[in-house]
Amino acid sequence: MKKFLAALLAAGILSTVIPVAAQAADSSTPSTDYTQVQDNNDNQDVPDDTENSDNMENPDDTDTPDNTENPDGTENPDDTENPDDTENPDGTETPGDTENPDDIENPDDTETPDDAEDPDDPEKPEFPGLEMTEHRVYIKGKGDLVRPGGQLTRAEAAQIMYSLLEYEPELTGSKTFPDVKETAWYGKQVLALAEMGVINGSGDGTFRPDKPIKRNEFVQILTQFFDTKGEEIPAANFPDVNQNGWDAPAINYAAAKGWISGSPDGTFRPNSYITRAEAITVVNKALGREPDIEKLKSDGYALVFLDLSYSHWAYGQIMEAALEHIHHEDGGWMDYTVPEAEHKPGNYLIGGELYQVDSSGHWVRNKTDGVLKFDNNGRYTTGNATLDKQLTAMVKTYTKEGDSNLNNFKRLYNELSKWPYRAGSYLGVGAQDGQTGWEDTMALEMLRNRKGNCYRYAGLCTYLARKMGFQATGISGQVNVQGRGFVLHGWVEINLGGQIYICDPQQQKVWPRENLFMRKYSEFTAARRYRVKNIIKK
């Protein structure tokens, strides 16, 4: 890999950067008709091996940009800038409109500084190129999310390039930007690349680190690390790329080398913002790095980012960038290491789904923890796809992500206890007292009708509690209230660290002033008693 010479300081090159984060969470409010929940494409366990890597983008990735976060997980404190470029999202600009955005100078029109060193001078200092041999990790995401469809920012793009340098260059202080502090998470990276001549900032002298980077800008930055002048490069066959434009040489080079091939309609859309997944794919191709998708598949895939399904078109490319691995010369992987989750061991509600980090610090998959079962995607599952979808819809509607699981369970319990009571058939004549294994059937009936008897309340409450990570079980027994005698009844028990608590949403509806949420049996007086097969619960 060739070294960067000080003569690169003379090049007035693009000042853009790319974010490699994750797609923004879905902020839409799910329907309260829990029987009409649509399929979630991320629930597919089998990945689509026909990745759209050549097209640089997933046509379904229409996420709006999320303000720049450090791809290494450090939040950008200045994350308040809104992009001011509002091009046609379809990227159908005419070739004449592909002028250099942001007043970035055309590198070909930049005059050589008076103090530029002779490129033939053997004494001149060298700058690092990109590491081509070692498959270095350069993407870490944030909060165990990578937001593959999110737009990359200029600061994030600088972070990616800097993390791939052969060695860290020393800052001389020769380049500064009024909106870039060296102490910022991206400060050293931006200033170093500016001193190398790889980026130059905008026409007003600023760098605008939080601004999303465009496709042509990202390709322009990447090509600065390669010798683009030693061979004849044909014009790329993109109808929306102006061959007289400032970005044409870089786009032509990237297309000739196979880094890019455009969109399905044959266009490149140079002025559209590049996504994180697209940027990672282009970088991997430029460095000659290929994911070993067969090894990942044979191992059951690696769960690193909760918003990246195994079927995502860029799953393999993102794993190539995110997993520490040892590779063969032919590109296959000998071994790889799955990083620990940023979350500590415990149960977490994320995007309406329950995930668990085990004691080793990794997201669990295909695991059973008491009554909780987690699938290959790491999500809690009831084993019934219909029930799973309806529970997720209800959870998204009535919970607050980021709050504790207990508080969210209380929200769900309060909502359930408002639903109308309707007397219905019991679980089975002669088998109600002590019967087990009825919760899923009763939960589905309660979701379908939005009203029911005590068993339906208890069945749904059981699964809502499990969805929040609690070891919950539906209990069929008898209750005696206000000395009226024991009658058949269903409620919920929750085992929390060996202590049993009860939740009784149907009785909560009947006796709204009485607290029947997470109560110990010992807290009840003679006015309320529960028993199973004539044994009083204490």
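Residues numbered from 1 in each chain as written. Predicted model: local features only at pLDDT ≥ 70, side-chain atom pairs only at ≥ 80, totals over all residues. Heavy atoms only, no water.

Undergrad: Summarise the overall build of the chain; cite the residues concerned and give the values.
TA: When you go through the chain residue by residue, the secondary structure sums to 12 helices and 14 strands. Expressed as a percentage of its 538 residues, the buried residues of the chain come to 53%. In the chain, once contacts between residues fewer than 6 apart in sequence are set aside, the share between residues at least 24 apart is 72%. With an accessible surface of roughly 23800 Å², the chain has 45% of that area assigned to carbon and sulfur atoms. (Helix = DSSP H or I, 4+ residues; strand = E, 2+ residues; numbered from the N terminus. Buried < 20%, exposed > 50% of the residue type's maximum accessible area, 1.4 Å probe, protein only. Contact = heavy atoms within 4.5 Å. Areas by Shrake-Rupley, 256 points an atom, 1.4 Å probe, with all protein chains shown as cover.)

Undergrad: Just give me the short version of the sheet that holds strand 12 (residues 517-519), but keep the residues and values in it.
TA: What the 6 strands build is an open sheet, ordered 12-11-10-9-13-14; its pairing is antiparallel. Each edge of the open sheet carries a strand with a single partner, namely strand 12 and strand 14 (535-536). Across 5 bridges, strand 10 (residues 486-496) lies against strand 11 (residues 499-503) in antiparallel orientation. Directly across from Asn 495, in strand 11, lies its bridge partner Ile 500. Along the sheet, helix 11 (residues 454-467) makes contact with strand 9 (471-481), strand 10 and strand 11, crossing strand 10 at roughly 5°. (Pairing = 2+ DSSP bridges. Axes fitted to C-alpha atoms, helices over the stretch in contact; angles between N-to-C directions.)

Undergrad: Run through the pattern of salt bridges, naming residues and quoting values.
TA: According to the stated counting rule, one finds 14 salt bridges in the structure shown. Residue Arg 411 pairs with Asp 403 through a salt bridge whose shortest N-O separation is 2.8 Å. Given the relative accessible area of 30%, Arg 411 is considered partly exposed. Under the relative-accessibility criterion, Asp 403 is labelled partly exposed at 25%. (Salt bridge = Lys/Arg side-chain N within 4 Å of Asp/Glu carboxyl O.)

Undergrad: Tell me what's going on with the nonpolar core, and back it up with residues and numbers.
TA: Counting 79 residues, the largest nonpolar core has Phe 218, Leu 296 and Met 319 as its most contacted members. For this core, the element with the highest residue contribution is helix 5 (residues 276-287), accounting for 7 residues. Ignoring anything within four residues of it in the chain, the contact list for Leu 296 reads Tyr 301, Ala 302, Tyr 315, Met 319, Leu 323, Trp 333 and Tyr 336. Of all hydrophobic cores here, the second largest spans 50 residues; its members include Leu 416, Ala 443, Ala 465 and Ile 502. (Core = buried A, V, L, I, M, F, W, Y, C linked by side-chain atoms within 4.5 Å.)

Undergrad: Break down the environment of Ala 157 for me, citing the residues and quoting the values.
TA: Of note, Ala 157 is situated in helix 1 (residues 154-163). Taking the C-alpha atoms as reference points, Ala 157 and Pro 209, separated by 52 residues in sequence, lie 9.2 Å from one another.

Undergrad: Please give an account of the environment of Leu 447 that cites residues and values.
TA: By the element assignment, Leu 447 lies in helix 10 (residues 439-449). Residues Leu 447 and Leu 460 lie 13 residues apart in sequence; the distance between their C-alpha atoms is 7.6 Å.

Undergrad: Please give an account of helix 9 (residues 405-416) that cites residues and values.
TA: Its 12 residues give helix 9 an end-to-end C-alpha distance of 16 Å, which sits within 8% of 16 Å, the value for a rise of 1.5 Å per residue. All buried positions along helix 9 are accounted for by Asn 405, Asn 408, Phe 409, Leu 412, Tyr 413, Glu 415 and Leu 416. Around the axis of helix 9, the buried residues are gathered within 160° of arc, so they sit on the same side. (Expected span 1.5 Å × (residues − 1). Arc of directions from axis to C-beta.)

Undergrad: Pulling in residues and values, what's your account of the side chain of Thr 399?
TA: As for its position among the elements, Thr 399 is in the loop between helix 8 (385-398) and helix 9. Separated by 2.4 Å, the side chain of Thr 399 and the backbone oxygen of Val 395 make a polar contact. (Polar contact = N/O pair within 3.5 Å; in protein donor to acceptor, adjacent residues only side chain to side chain.)

Undergrad: Which residues make up empty space enclosed by the protein, and what values go with them?
TA: Following the criterion strictly, the structure yields 2 cavities of 30 Å³ or more and no others. Quantified by volume, the second largest cavity comes out at close to 30 Å³. Taken together, Tyr 521, Phe 524, Arg 528, Arg 529, Tyr 530 and Lys 537 make up the lining of the second largest cavity. Tallied by class, residues from the lining of the second largest cavity come to 3 nonpolar, no polar and 3 charged. (1 Å grid on protein atoms, 1.4 Å probe; cavity = no way out; pocket = protein on both sides within 12 Å on 5 of 7 lines; lining within 4 Å. Points joined across faces, edges and corners; volume = space filled by probe spheres on them. Nonpolar A, V, L, I, M, F, W, Y, C, P; charged D, E, K, R; others polar.)

Undergrad: Explain helix 4 (residues 248-256) residue by residue, including any values.
TA: Buried residues of helix 4: Ala 248, Ala 250, Ile 251, Asn 252, Tyr 253 and Ala 254, and no others. Where helix 4 terminates, the next one or two residues include Gly 258, which has phi positive at roughly 85°.

Undergrad: Tell me about the confidence of the model for the chain, and name the residues and values.
TA: This prediction gives the chain a mean pLDDT of 81; 76% of its residues lie at or above 70. Predicted confidence for residues 1-55 stays below pLDDT 50, and this span has 217 contacts to residues more than four positions away or in other chains. With pLDDT under 50 throughout, residues 57-69 is counted as low confidence; its partners more than four residues away or in other chains account for 47 contacts. (pLDDT = per-residue confidence, 0-100.)

Undergrad: Describe the state of the cysteines, listing the residues and the values that go with them.
TA: Under the definition given, this model contains 0 disulfides. Of all cysteine sulfurs in the structure, the one in Cys 503 sits closest to Cys 461, which takes part in no disulfide; the separation is 5.1 Å. The exposure class assigned to Cys 461 is buried, which follows from its relative accessible area of 1%. (Disulfide = S-S within 2.5 Å.)

Undergrad: Lay out the packing of helix 10 against helix 11 with the relevant residues and their values.
TA: Two elements in contact, helix 10 and helix 11, have axes separated by 7 Å at closest approach and are oriented at 100°. In terms of orientation, helix 10 lies roughly perpendicular with respect to helix 11. From helix 10, Glu 439, Asp 440, Met 442, Ala 443, Glu 445, Met 446 and Leu 447 reach across to helix 11, where they touch Tyr 455, Arg 456, Tyr 457, Gly 459, Leu 460, Thr 462, Tyr 463 and Arg 466. Residues of the contact of helix 10 with helix 11, tallied by class, amount to 8 nonpolar, 2 polar and 5 charged. (Parallel < 35°, antiparallel > 145°, perpendicular 65-115°, else oblique.)

Undergrad: Give me the environment of Pro 270: which residues, what numbers.
TA: Along the chain, the position of Pro 270 falls in the loop between helix 4 and helix 5. Look at Pro 270 and you get buried, because its relative accessible area is 0%. Along the backbone, Pro 270 and Ala 248 are 22 residues apart, and their C-alpha atoms lie at a distance of 9.6 Å.

Undergrad: Kindly report on unusual backbone geometry, identifying the contributing residues and their values.
TA: In this structure, Arg 147 takes a positive phi of about 45° despite not being glycine. On the secondary structure map, Arg 147 appears in the loop between strand 2 (126-127) and helix 1. Owing to a relative accessible area of 14%, Arg 147 belongs among the buried residues under this scheme. Of note in this structure, Arg 269 is not a glycine but carries a positive phi near 55°. Residue placement: Arg 269 occurs in the loop between helix 4 and helix 5.

Undergrad: So what's going on with the side chain of His 489? Which residues, and what values?
TA: With respect to the helices and strands, the residue His 489 is situated in strand 10. In this view, His 489 contacts Cys 454, Tyr 455, Ile 475, Ser 476, Gly 477, Gln 478, Val 479, Asp 504, Gln 506, Gln 507 and Tyr 530; residues no more than four positions away in its chain are not counted.

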